[in-house]
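A look at the structure
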Amino acid sequence: MQDVLGTDVQGAGDAQTTAARLRAICDEVSDRFYERADVVRTLVVALLAGQHSLVLGPPGTAKSEIARELTGRVEGAAYWEILLSKFTAPTRMFGPVDVAALARGEYRQVYEGRATTAHVAFIDEIFKCSTAALNETLGYLNERIYHPESGGEPIRCPLIGAITASNELPTGEDTAAIYDRLLVRIEVGYLADPSNFAALVRSAVSRPAAPVRTTVELAALQEAVTGAVPAVDVPDAVVDAVCLLRAALRRKELVASDRRWRQAVGLLQASAYLDGRPAVAETDLTVLTHVLWDSPAQRPTVEREVLHLVNPDAKEALDLADALDELEAQLDAMAGQSREALSDWVIKKAHNKLATAGKRLEQLRAEAAGAGRSTAAIDRVTGRQRAVRARVLTEALGMDASMVQDRL
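Remember, predicted model here, so these are calculated numbers, not experimental data.

**Here's the deal with the overall build of the chain**
Check the secondary structure of the chain and you find 17 helices and nine strands. Taking 408 residues into account, the globule formula puts the C-alpha radius of gyration at 22 Å, and the chain, at 23 Å, falls close to it. Projected onto the principal axes, the alpha-carbon positions of the chain cover approximately 80 × 50 × 50 Å. For the chain, buried positions account for 47% of its 408 residues. The contacts in the chain between residues at least 6 apart in sequence include a share of 74% that link residues at least 24 apart. Carbon and sulfur atoms provide 52% of the accessible area of the chain, an area that totals close to 19800 Å². Distance between charge centroids for the chain: 3 Å, based on 46 positive and 56 negative side chains.

Set out below in structure tokens:
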């Protein structure tokens, strides 16, 4: 990336260089983790907005790896990571007691290397936060402060943003308070495309060349968060679109708090900044698909309402996605049937539906790109079409997964 971004240490005020570096980081991390491009970009947008995010999904979906890879790209930043349990004491998170000082009759905590001094943080199993640490964790996330065990003035923490992860949603009122403070919520699942899974398996035994590793200076990131991102213009048309979206969601009985809506504006500005634009556009509203739901069951409804508002191509793309889901459900229902029966189903139903969906998605993408509209939703559905087609080729027709990529 040196020929594009330069080799000199960037100045904190060079907003364009910082945005370019962050885009490069998104690309590099997305290349490493299959089917995670939207996850990576959304986490970076949340960090730029100075907000906290939750990555929600089953074990083994690269939640921790992605978080570490991203947070490790901030040069000069103090990093803190912890795996919480019901028995995690506040002092383990924010600063253990200085035993040597205690022997001298002094009560003092050691803050270095703990949450108290971190610029970026990764908190795994966030909803297993102990009752003892709950209030301090809320204060840390909300106000970036910590109240020392010995009392006195609260400590101001330099935290820019935290990435948190969990395998499950909170079940109690106490941890629900933490959930409410995580503005961005991203679902992840296991790889859907068999060809990507085959590539993942091959990567376990291959010896790839050292990847390009773009970084961004802490001072540059801080300047972006406190200066460049808040300076991004929010046109009246975008404000009107947000109001329309709120009304549409309320008709679906999906109500987000006023605080959440207000904080979401920063995400819109961060999205525009990351793309190198001086003003928010309606396409930036797509980030709200990760903000305005409480349970995963609500996410598809939120996504549909957001994309309908943002992109006139989205309705047909989402309808095609529904058809693909139905096709995949049929494939699941045919598990255990003979190869002849599966082949007959492919010939009579699956092949034509997949081919038609693929061609129409290509047309929709060309139309959207030609009109200057975002193709993100169409690209996501295209990825879904490729994943379902790969499953049909491998599971119904018995094709080797390592050969599927060449046929997609």
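There is more to say after this.
**Describing helix H4 (residues 63-71)**
Most of H4 sits inside the fold, with seven of its nine residues counted as buried. Within the span of H4, buried status applies to Lys63, Ser64, Ile66, Ala67, Glu69, Leu70 and Thr71.

**So, the sheet that holds strand S8 (residues 184-187)**
What the five strands build is an open sheet, ordered S3-S4-S7-S1-S8; its pairing is parallel. Of all the strands in the sheet, the pair left with one neighbour each is strand S3 (79-83) and S8. Between one strand and the next, the sheet's axes are offset by a mean angle of 15 degrees, whatever the strand orientation. Summarising the sheet, S3 and strand S4 (residues 120-124) pair through five bridges and their orientation is parallel. Its bridge partner being in S4, Glu81 is matched across the sheet by Phe122. With respect to the sheet, helix H3 (residues 37-48) is in contact with strand S1 (53-56), S4, strand S7 (161-166) and S8, its orientation differing from that of S8 by roughly 170 degrees.

**Structural notes on helix H16 (residues 376-396)**
The end-to-end C-alpha distance of H16 is 30 Å, a good match for the 30 Å that 21 residues give at a rise of 1.5 Å each. Listed as buried for H16 are Ala377, Ile378, Val381, Gln385, Ala387, Val388, Ala390, Arg391, Val392, Leu393, Thr394 and Ala396. The positive-phi residue at the C-terminal boundary of H16 is Gly398, with phi of around 75 degrees.

**Side note on the packing of helix H11 (residues 236-251) against helix H12 (residues 258-274)**
Close contact between H11 and H12 brings their axes to 12 Å; oriented N to C, the two are set at 140 degrees. Comparing the axis directions of H11 and H12 gives the class oblique. Crossing handedness for the pair H11 and H12: right-handed. The segment H11 lies against H12, with Val238, Val242, Leu245, Arg246 and Leu249 engaging Asp258, Trp261 and Leu268.

**Remarks on the state of the cysteines**
Summed over all chains, the structure comprises zero disulfides. Not part of a disulfide, Cys129 finds its nearest cysteine sulfur in Cys157, a span of 14 Å. Judged by its relative accessible area of 4%, Cys129 is buried. Note on Cys157: relative accessible area 9%, which makes it buried.

**With respect to the pairing of S4**
Across the five residues of S4, five count as buried, placing the element largely inside the fold. Residue alternation in S4 divides its side chains into two sets, Val120, Phe122 and Asp124 and Ala121 and Ile123, and both sets are buried. Sheet topology note: the S4/S7 ladder contains five bridges and is parallel. In the strand pairing of S7, Ile123 is matched with Thr164.

**Focus on the confidence of the model for the chain**
Of all residues in the chain, 93% attain a pLDDT of 70 or more, and the chain-wide mean is 88. Of all helices and strands in the chain, the one with the weakest mean pLDDT is helix H1 (residues 2-5) (38), whereas S1 scores best (97). Across residues 1-12 the pLDDT falls below 50, and counting only partners more than four positions away or on other chains, this stretch makes 23 contacts in the model.

**Considerations on the nonpolar core**
Core analysis: the biggest nonpolar cluster contains 91 residues, and Leu48, Tyr140 and Leu288 have the highest contact counts within it. When sequence neighbours within four positions are dropped, the list of residues in contact with Tyr140 reads Trp80, Phe94, Ala115, Ala118, Ala121, Ile145, Cys157 and Leu159. If you look at the next biggest cluster of nonpolar residues, it comprises 21 residues, including Leu327, Val346, Val381 and Val388.

**Quick look at the pattern of salt bridges**
When their charged atoms lie close together, side chains carrying opposite charge are able to pair. Within this structure, the stated rule accounts for 27 salt bridges. Across the pair Arg32 and Glu69 runs a salt bridge whose closest N-O atoms are separated by 2.6 Å. Of this pair, Arg32 sits in helix H2 (residues 15-32) while Glu69 sits in helix H4, placing them 37 residues apart in sequence. A residue is classified by how much of its surface remains accessible, and Arg32, at 47% relative accessible area, is partly exposed. The exposure class assigned to Glu69 is buried, which follows from its relative accessible area of 12%. A salt bridge links Arg185 to Asp294; the nearest nitrogen and oxygen atoms lie 3.0 Å apart. With Arg185 in strand S8 and Asp294 in the loop between H12 and helix H13 (299-310), the pair connects residues that are 109 residues apart, well separated along the chain. One continuous salt-bridge network, built from bridges that share partners, spans Glu28, Arg32, Glu65, Glu69, Arg73 and Arg213.

**Here's the deal with the packing of aromatic side chains**
Under the criterion given, the structure shown has five aromatic pairs. Seen from their ring centres, Phe94 and Tyr140 are 5.5 Å apart, and the 75 degrees between their planes marks the pair as edge-to-face. Taken together, the residues span a long stretch of sequence, with Phe94 in helix H5 (residues 90-94) and Tyr140 in helix H7 (residues 131-143) at a distance of 46 residues. For Tyr140, a relative accessible area of 1% translates into the label buried. For the ring pair Phe94 and Tyr146, a centre distance of 4.7 Å and an interplane angle of 10 degrees mean the geometry is stacked. Of this pair, Phe94 sits in helix H5 while Tyr146 sits in strand S5 (residues 145-146), placing them 52 residues apart in sequence.

Reading the values: rules and limits
- Residues numbered from 1 in each chain as written.
- Predicted model: local features only at pLDDT ≥ 70, side-chain atom pairs only at ≥ 80, totals over all residues.
- Heavy atoms only, no water.
- Helix = DSSP H or I, 4+ residues; strand = E, 2+ residues; numbered from the N terminus.
- Rg over C-alpha atoms; globule rule 2.2 N^0.38 Å.
- Buried < 20%, exposed > 50% of the residue type's maximum accessible area, 1.4 Å probe, protein only.
- Contact = heavy atoms within 4.5 Å.
- Areas by Shrake-Rupley, 256 points an atom, 1.4 Å probe, with all protein chains shown as cover.
- Lys, Arg positive; Asp, Glu negative; His and termini not counted.
- Charge placed at Lys NZ, Arg CZ, Asp CG, Glu CD.
- Pairing = 2+ DSSP bridges.
- Axes fitted to C-alpha atoms, helices over the stretch in contact; angles between N-to-C directions.
- Expected span 1.5 Å × (residues − 1).
- Parallel < 35°, antiparallel > 145°, perpendicular 65-115°, else oblique.
- Left-handed = near helix turned anticlockwise from the far one by under 90°.
- Disulfide = S-S within 2.5 Å.
- pLDDT = per-residue confidence, 0-100.
- Core = buried A, V, L, I, M, F, W, Y, C linked by side-chain atoms within 4.5 Å.
- Salt bridge = Lys/Arg side-chain N within 4 Å of Asp/Glu carboxyl O.
- Phe/Tyr/Trp six-rings, centres within 6.5 Å; stacked < 30°, edge-to-face > 60°.

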